[in-house]
Amino acid sequence: MKEKFRNFMTGRYGVDAFSRFLLATALIFWALNIFIESRILHSWAWLLVLYTYYRMFSRNITKRYQENVKYMQIKNKLLAKFHMNNSQTKQPKTHHVYKCPVCKQKIRIPKGKGRICITCPKCKNEFTKIS
Ligand SMILES: [Zn+2]
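Here the structure is a predicted model, which means the values were calculated and not measured.

Draft legend 1. Region of the structure containing the overall build of the chain. Across its full length, the chain holds four helices and four strands. Taking 14 Å as the expected radius of gyration for a compact globule of 131 residues, we find that the chain reaches 27 Å, considerably beyond that expectation. Each principal axis of the C-alpha atoms in the chain carries an extent, and together these give about 80 × 35 × 25 Å. The buried share among the 131 residues of the chain stands at 26%. If you sum the accessible surface of the chain, you get close to 10,400 Å²; carbon and sulfur atoms cover 63% of it.

Written as structure tokens, this is what we have:
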């Protein structure tokens, strides 16, 4: 039986990262379907599974490989974007943002400097804060 399967799989594409992603998405759809019970979600899950199997048993290895490369590129781009957003939200942790009491100008001050005198760059008003 194992031998038969191996013979069957020779020259076929097999599983790659894109297939795993498709299957994972199908599983998520199924899980969601338990709560939502949507017919569309259900058929989408099946379509994804069918497409995954079609890719696994496909003999057009070059084309499947290119699909996987495209998937990886999109994934990496999204990950890079996600990391960039993360570093932007991390920024306020090293800095305090104060508002000038006079003109409401936002001023970024590094944390951990103790009591400091801040001069507003806009209206030159001076005020003290603990950073
Ligand atoms: Zn000001």
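From this point, things continue past the structure.
Draft legend 2. Spotlight on the domain arrangement of the chain. Examined at the domain level, the chain breaks down into domain 1 (2–91) and domain 2 (94–130). Inter-centroid distance (C-alpha atoms) of domain 1 to domain 2 is 50 Å.

Draft legend 3. Representation of the coordination of the zinc ion. In the first shell of the zinc ion, the protein supplies C100 (SG), C103 (SG), C120 (SG) and C123 (SG), at 2.2 to 2.3 Å from the metal. On the primary sequence, the residues serving as donors to the zinc ion are separated as C-x2-C-x16-C-x2-C. Note on C103: relative accessible area 25%, which makes it partly exposed.

Draft legend 4. Structural view of the environment of S58. Structurally, the position occupied by S58 is in the loop between α3 (39–56) and α4 (61–90). On a C-alpha basis, the gap between S58 and M9 in space is 9.4 Å, while along the polypeptide they are 49 residues apart. Every residue in contact with S58, bar those within four places of it in the chain, is listed here: G11, R12, Y13 and R64. At 3.1 Å, the side chain of S58 forms a polar contact with the backbone nitrogen of N60.

The rules behind these values
- Residues numbered from 1 in each chain as written.
- Predicted model: local features only at pLDDT ≥ 70, side-chain atom pairs only at ≥ 80, totals over all residues.
- Heavy atoms only, no water.
- Helix = DSSP H or I, 4+ residues; strand = E, 2+ residues; numbered from the N terminus.
- Rg over C-alpha atoms; globule rule 2.2 N^0.38 Å.
- Buried < 20%, exposed > 50% of the residue type's maximum accessible area, 1.4 Å probe, protein only.
- Areas by Shrake-Rupley, 256 points an atom, 1.4 Å probe, with all protein chains shown as cover.
- Domains from an automatic or database assignment.
- Donors = N, O, S within 2.8 Å, 3.2 Å for Na, K, Ca; no water.
- Contact = heavy atoms within 4.5 Å.
- Polar contact = N/O pair within 3.5 Å; in protein donor to acceptor, adjacent residues only side chain to side chain.

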